[in-house]
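# Coordinates in review
Here is how the chains run, residue by residue.
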Amino acid sequence: MSYSKQFRVKPGSEVDLGKVDAGFHDQHESHEHALPEIETYTQKMHDLQYLMYAEGKRSLLICLQGRDAAGKDGTINHVLGAMNPQGCTVTGFKVPSKEEAAHDFLWRYHRHAPEKGQVAIFNRSHYEDVLVVRVHDLVPKGVWSKRYEQINDFEKMLADNGTHILKFYLHIDPEEQLERFRQRIEDPARHWKISDGDYAERPFWDAYTEAFQDALNKTSTEHAPWFVIPSNHKWFRNLAVSRIVAETLESLGMQFPEPTVDIDQIKQKYHAIVQEERIGEAQALDKQDKQKKKGSGKKKKKG
């Protein structure tokens, strides 16, 4: 089955994350076994992103959500890093600035939506405003509960204007999160990733589960679907995300634009330049050869 269908949250369905196997890895037994397929889909992404950039008629927005250590940075690095930076932007959303907080909650996200021909990746996204603000009571329920509909309207507006939207929830279980915390502690190269916030959020696991489930259930639509990606195995996460992105881009039926010049005339100009430069090179070589012979003749006379 296509991963685009297998992991997609159907509109109107009820997701129970407790029943989703975070360690699922399909028929693949290891990273080495999955690597050829990962490379195939990352290359497809690269080629199709180039086509989207050239076509310039539509854009792609990718939203990454998940718990601490779920692998959002890793997904960007190992999978979406295959895209050409010239046509791709990555924005990480943290605590709103004073300016951002003075606007409606969607303002800062809309500013980073992709223009036509571009891919935009959100590391965390507008869904933080129905997740962390809910779990920690940062705004009243009467405020955040209305945001699901506002988010749906926002995404519908983007879709109506040519932006295709893919939203990935990277699903890990509590044991895997703790293991990744341990790896960060033991590896000095990962110490910079450690924050007190990681451990402060751990006691709210169940509250976040409920918040994520409501977001998935209420905002997975035909034009902006959610995908729940089993992510205990980083390599399978990479495979699933790259495959879904590639399958989505491939389904768009994109075309290279028609040339803006007369190709036959350009060919004639090209061949004329090549011919002229070849003649010039031949004349230059002939001149050099005559000068060498002339110089050689003078030496013989002196002798």
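Please refer to the structure higher up on the page.
In this report, the structure presented in the accompanying data block is examined.

Here is what the cut-offs are and how they apply
Residues numbered from 1 in each chain as written. Predicted model: local features only at pLDDT ≥ 70, side-chain atom pairs only at ≥ 80, totals over all residues. Heavy atoms only, no water. Helix = DSSP H or I, 4+ residues; strand = E, 2+ residues; numbered from the N terminus. Rg over C-alpha atoms; globule rule 2.2 N^0.38 Å. Buried < 20%, exposed > 50% of the residue type's maximum accessible area, 1.4 Å probe, protein only. Contact = heavy atoms within 4.5 Å. Areas by Shrake-Rupley, 256 points an atom, 1.4 Å probe, with all protein chains shown as cover. Lys, Arg positive; Asp, Glu negative; His and termini not counted. Charge placed at Lys NZ, Arg CZ, Asp CG, Glu CD. Core = buried A, V, L, I, M, F, W, Y, C linked by side-chain atoms within 4.5 Å. Axes fitted to C-alpha atoms, helices over the stretch in contact; angles between N-to-C directions. Left-handed = near helix turned anticlockwise from the far one by under 90°. Nonpolar A, V, L, I, M, F, W, Y, C, P; charged D, E, K, R; others polar. Salt bridge = Lys/Arg side-chain N within 4 Å of Asp/Glu carboxyl O. Pairing = 2+ DSSP bridges. Phe/Tyr/Trp six-rings, centres within 6.5 Å; stacked < 30°, edge-to-face > 60°. Lys NZ or Arg CZ within 6 Å of the ring centre and 35° of its normal.

What follows deals with the overall build of the chain. Scanning the chain from terminus to terminus reveals 13 helices and 5 strands. Against the globule reference of 19 Å for 303 residues, the chain gives a C-alpha radius of gyration of 28 Å, more extended than a compact globule. For the chain, the spread of C-alpha atoms along the principal axes amounts to about 105 × 45 × 45 Å. The burial tally for the chain puts 43% of its 303 residues in the buried class. A separation threshold of at least 6 residues defines the contact pool for the chain, and within that pool the share at least 24 residues apart is 81%. Within the structure as shown, the chain displays about 17400 Å² of accessible surface, and the carbon and sulfur contribution to it stands at 52%. Side-chain charges of the chain comprise 44 positive and 46 negative groups, with the mean position of each set lying 12 Å from the other.

All right, on to the nonpolar core then. Counting residues in each nonpolar core, the largest one holds 37 residues, and the members touching the most others are I62, F168, I229 and V245. Looking at this core, the elements with two or more residues in it are helix 2 (31-55), strand 1 (59-66), strand 3 (119-123), strand 4 (163-171), strand 5 (226-230) and helix 12 (234-251). For this core, the leading source of residues is helix 12, giving 9 residues. Core analysis: the next-biggest nonpolar cluster, separate from the first, contains 31 residues, V9, L131, I151 and W226 among them.

To continue, consider unusual backbone geometry. The phi dihedral of D26 is positive, around 55°, even though this residue is not glycine. Using a relative accessible area of 29% as the deciding quantity, one classes D26 as partly exposed. Despite not being glycine, A69 has its phi angle at roughly 70°, a positive value. Turning to its location among the elements, A69 is positioned in the loop between strand 1 and helix 3 (72-78).

Turning our eyes to something else, we now look at the packing of helix 2 against helix 12. Where helix 2 meets helix 12, the axes come as close as 8 Å, and the angle between the chain directions of the two elements is 35°. When the axes of helix 2 and helix 12 are compared, the crossing they make is left-handed. Residues H31, A34, E37, I38, Y41, T42, K44, M45, L48, Q49 and M52 of helix 2 form the contact with helix 12, whose participating residues are W235, L239, S242, R243, V245, A246, L249 and E250. Residue composition of the contact of helix 2 with helix 12, grouped by class: 11 nonpolar, 4 polar and 4 charged.

All right, on to the pattern of salt bridges then. Throughout the structure, instances matching the rule amount to 17 salt bridges. A salt bridge links R134 to E210; its shortest N-O distance comes to 3.3 Å. Here R134 is found in helix 6 (residues 132-135), whereas its partner E210 is found in helix 11 (residues 205-219), with 76 residues between them in sequence. On the basis of relative accessibility, which here comes to 46%, the residue E210 falls in the partly exposed class.

This part covers the sheet that holds strand 4. Ordered in space as 2-3-1-4-5, the 5 strands form an open sheet in which the pairing is parallel. Of all the strands in the sheet, just strand 2 (88-92) and strand 5 have a single pairing partner and so form its edges. Pairs of neighbouring strands in the sheet enclose a mean axial angle of 20°, with direction left out of account. The pairing of strand 1 with strand 3 spans 5 bridges and is parallel. Paired with C63 across the strands is F122, a residue of strand 3.

Moving on, we get to the pairing of strand 3. For strand 3, the tally of buried residues reaches 5 of 5 residues, placing the bulk of the element in the interior. Where strand 2 and strand 3 come together, 5 bridges link them in parallel fashion. Its bridge partner being in strand 3, V90 is matched across the sheet by I121.

Further remarks concern the packing of aromatic side chains. Tallied over the full model, the rule gives 15 aromatic pairs. Each ring, one from F7 and one from F24, has its centre 6.1 Å from the other, and the planes form 70°; the classification is edge-to-face. You can see F7 sitting in the loop between helix 1 (3-6) and helix 2 and its partner F24 sitting in the loop between helix 1 and helix 2, a full 17 residues away along the chain. An angle of 90° between the planes, with centres 6.4 Å apart, marks the rings of W235 and F236 as edge-to-face. Both residues of the pair, W235 and F236, count as buried. Of the aromatic side chains, those joined through ring pairs into one cluster are Y3, F7, F24, W235 and F236. A cation over a ring is seen here: R243 above Y3, with NZ or CZ 4.0 Å from the ring centre.

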